[in-house]
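Residue-level structural notes
Below, each chain spelled out in residue letters.
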Amino acid sequence: MSPFEDVYEESKFHPKLEGLLLPYGTAGFRSNANHLDHIMFRMGLLAVLRSQNTKATIGVMVTASHNPEEDNGVKIIDPMGEMMSTSWEGYATQLANAEQEDLIDALKEIIEKEAIDLSLEAKVFLGKDTRKSGVKLSEAVISGVSALGGHSKDFGLVTTPQLHYAVRCQNTKGKYGEPSVEGYNKKLSAAFIQLTNNAFNCTDDQKHLSVDGANGIGALKLREIECHLKKSAHITLFNDGSKRKLNDQCGADFVKVHQKAPIGIEINPGERGCSFDGDADRIVYYYTDSQRRFHLLDGDKIATLISIFLKELLTQSGLNLTMAVVQTAYANGSSTDYLRDTLKVTVQCSKTGVKYLQEMAQKFDIGVYFEANGHGTVVFSKSAEDQIHQLAEDPSANDEAKRAARMLQSSVNVINQTIGDAISDMLLIEAILAIKGMTIQQWHAIYTDLPNRQIKVKVADRRVIDTTDAERRAVSPAGLQEAIDSLVKRHKKARSFVRPSGTEDVVRIYAEAETQESADALAHEVSLAVY
Ligand code: 16G
Ligand code: ZN
């Protein structure tokens, strides 16, 4: 049989509901799990083509991140562990939405357009989060891969960033580490232990951290890496999945959206806690003060802490490397001001979505990128890594420079550069706080967030809103931006923007201002201008 006949026959076991249309959005496909079997099979097919096209191993992750347990989703990972190239997202959508009888034609069209040689070997790494539906759905991916003659390796339950990591390790022939969860645990924990050797006076109390695992995969994987961390960390895990449902009133997204602590976690006033999201690629920190007021340290605060640390090390090392922080329009204005005016680092603004931030961050030797929602990491250029390594090993370098270079080297190794990673970010943050002897209150006080409000509105067609300038200005419909500008002028220290969501059928509105009342009012006024 020709491969197409195999695909055709096998596709009958993964039929598409007629008329169902789903787009490959910023986070891949995401929907109710009952709608996804055909999508999974077809993403198995696409992963084979992408593997043949790049002559490398490709990843397929079955997850719906912070969505409820009933949902699921899938995203494809490119050879260096990055999100699949935008130029292939259209193919994913075409293939997913072709009616059953048009599937082979849709497949052939991609093969032709990309001049793919089907005789090449194809290799696909597969992973899933803890959703029950993930078992069947990942089997559907595997049948897609085999139907086109590809080989798959199933990593089973892994965090999204662990699969990104494994793909990169595989395609760089071990230079990035061993392509396994064990390899990941060893690499990150060794770097963390080395880094925290520089935290001389850190007591066990100061080391203590409460983690909300969102009842998901992050909890499972934190338990595994904890065994390697030995006494350098002191973690209490809550929401480990044994009692409640995934993401149910917990997790990074819940905490960020509701600005309150997740249920199921016990933290004393003043102590620090953090929350992972459902696939452990996002993290936020928090604490409550003596008056039981809740304080959130989001992606902007994380980016700031990491930037302060890296910039100090850079200065001490004497290395001449470029460094920038990439944020999105959602970044709190106070964080941008602090980074630019006080820390004096380059700050850039990107469109929402990790792949856009990452692309911008990669233009610098050291690129720190974070979305306010807690998704982010740091990327280092090859030349930066080489220079850091050389200095760390240089016998003629002075002690201060060498120590800084060694700490930079450990930081590089503790960081998962492929994508935002809750476990890796947590280890880096914990190490920084320990080394600096800094409390979460001191970290929080670095700058004061401007009060802000986010709301979403349903409109007839969200696509009528088109934006420019990293989503900070609306170019259509006509008159909208002028209306926003005049509303903003009525409030002090105010800023507002609207953008169509890439993951939900809504328009999102963000407003910040000097007071919470003002931010709330502005968000409401702008929402009226959107209708
Ligand atoms: C996706 C993005 C996330 C972004 C969110 C915005 C990735 C891996 N995930 O979940 O970074 O913040 O979309 O959603 O890129 P929105 O377009 O609905 O506001
Ligand atoms: Zn996630």
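Here goes a summary of the coordinates provided. (Residues numbered from 1 in each chain as written. Chains lettered and ligands numbered in written order. Predicted model: local features only at pLDDT ≥ 70, side-chain atom pairs only at ≥ 80, totals over all residues. Heavy atoms only, no water.)

Protein-derived coordination of the zinc ion (ligand 2) comes from Ser65 (OG), Asp277 (OD), Asp279 (OD) and Asp281 (OD), at a distance range of 2.0 to 2.2 Å. Spacing between the donor residues of the zinc ion (ligand 2) along the chain follows S-x211-D-x1-D-x1-D. Of the two residues, Ser65 is situated in the loop between β2 (58–62) and β3 (71–77) and Asp277 in the loop between β8 (273–276) and β9 (283–288); the sequence distance between them amounts to 212 residues. The same class applies to Ser65 as to Asp277, namely buried. (Donors = N, O, S within 2.8 Å, 3.2 Å for Na, K, Ca; no water. Helix = DSSP H or I, 4+ residues; strand = E, 2+ residues; numbered from the N terminus. Buried < 20%, exposed > 50% of the residue type's maximum accessible area, 1.4 Å probe, protein only.)

Quick look at the packing of aromatic side chains now. Throughout the structure, instances matching the rule amount to 11 aromatic pairs. Aromatic side chains Tyr165 and Tyr184 sit 5.3 Å apart centroid to centroid with 80° between the ring planes, which places their arrangement in the edge-to-face category. With a gap of 19 residues between them, Tyr165 in helix α6 (residues 160–171) and Tyr184 in helix α7 (residues 181–196) connect regions that are remote in the sequence. Taken as a pair, Tyr165 and Tyr184 share a single burial class, namely buried. Note on Phe497 and Tyr510: the rings are 5.4 Å apart at their centroids and 25° apart in plane angle, and the pair reads as stacked. In this pair, Phe497 sits in strand β18 (residues 495–500) while Tyr510 sits in strand β19 (residues 507–512), placing the two residues 13 residues apart along the sequence. Taken as a pair, Phe497 and Tyr510 share a single burial class, namely buried. One aromatic cluster is present, formed by Tyr165, Tyr176 and Tyr184 through successive ring pairs. Positioned above the aromatic ring of Phe4 is the side chain of Lys108, whose terminal nitrogen or guanidinium carbon lies 5.0 Å from the ring centre. (Phe/Tyr/Trp six-rings, centres within 6.5 Å; stacked < 30°, edge-to-face > 60°. Lys NZ or Arg CZ within 6 Å of the ring centre and 35° of its normal.)

The topology assignment puts Gly216 in the loop between β6 (208–212) and α9 (217–229). Relative accessible area serves as the criterion here: at 1%, Gly216 is assigned to the buried category. Linking Gly216 and Thr159, residues 57 residues apart in sequence, is a C-alpha distance of 9.1 Å. The residues contacting Gly216, other than those within four sequence positions of it, are Thr130, Asn239 and Leu246. (Contact = heavy atoms within 4.5 Å.)

Look at helix α11 (residues 299–317) against helix α15 (residues 399–414): their axes get within 7 Å of each other, and the N-to-C directions meet at 145°. Between α11 and α15 the crossing geometry is left-handed. Here α11 contributes Phe309, Leu310, Leu313, Leu314, Gln316 and Ser317 to the contact with α15, which in turn contributes Glu400, Ala401, Ala404, Ala405, Met407, Leu408 and Ser411. Of the residues in the contact of α11 with α15, the class split is 9 nonpolar, 3 polar and 1 charged. (Axes fitted to C-alpha atoms, helices over the stretch in contact; angles between N-to-C directions. Left-handed = near helix turned anticlockwise from the far one by under 90°. Nonpolar A, V, L, I, M, F, W, Y, C, P; charged D, E, K, R; others polar.)

Next up on the list: the nonpolar core. Core analysis: the largest hydrophobic core is formed by 71 residues, its most contacted members being Val211, Phe276, Tyr285, Leu310, Met426, Leu427 and Trp443. What Val211 contacts, discounting residues up to four positions off in sequence, is Leu222, Ile235, Thr236, Leu237, Phe238, Ile265, Cys274, Phe276 and Met426. (Core = buried A, V, L, I, M, F, W, Y, C linked by side-chain atoms within 4.5 Å.)

This paragraph deals with the packing of helix α2 (residues 37–54) against helix α4 (residues 103–113). As a packed pair, α2 and α4 sit with axes 11 Å apart at the nearest point and diverge in direction by 20°. When the axes of α2 and α4 are compared, the pair comes out roughly parallel. As α2 packs across α4, the resulting crossing turns out to be right-handed. Contacts from Phe41, Arg42, Leu45, Leu46 and Leu49 in α2 reach Leu103, Leu107, Ile110 and Ile111 in α4. Split into classes, the residues belonging to the contact of α2 with α4 amount to 8 nonpolar, no polar and 1 charged. (Parallel < 35°, antiparallel > 145°, perpendicular 65-115°, else oblique.)

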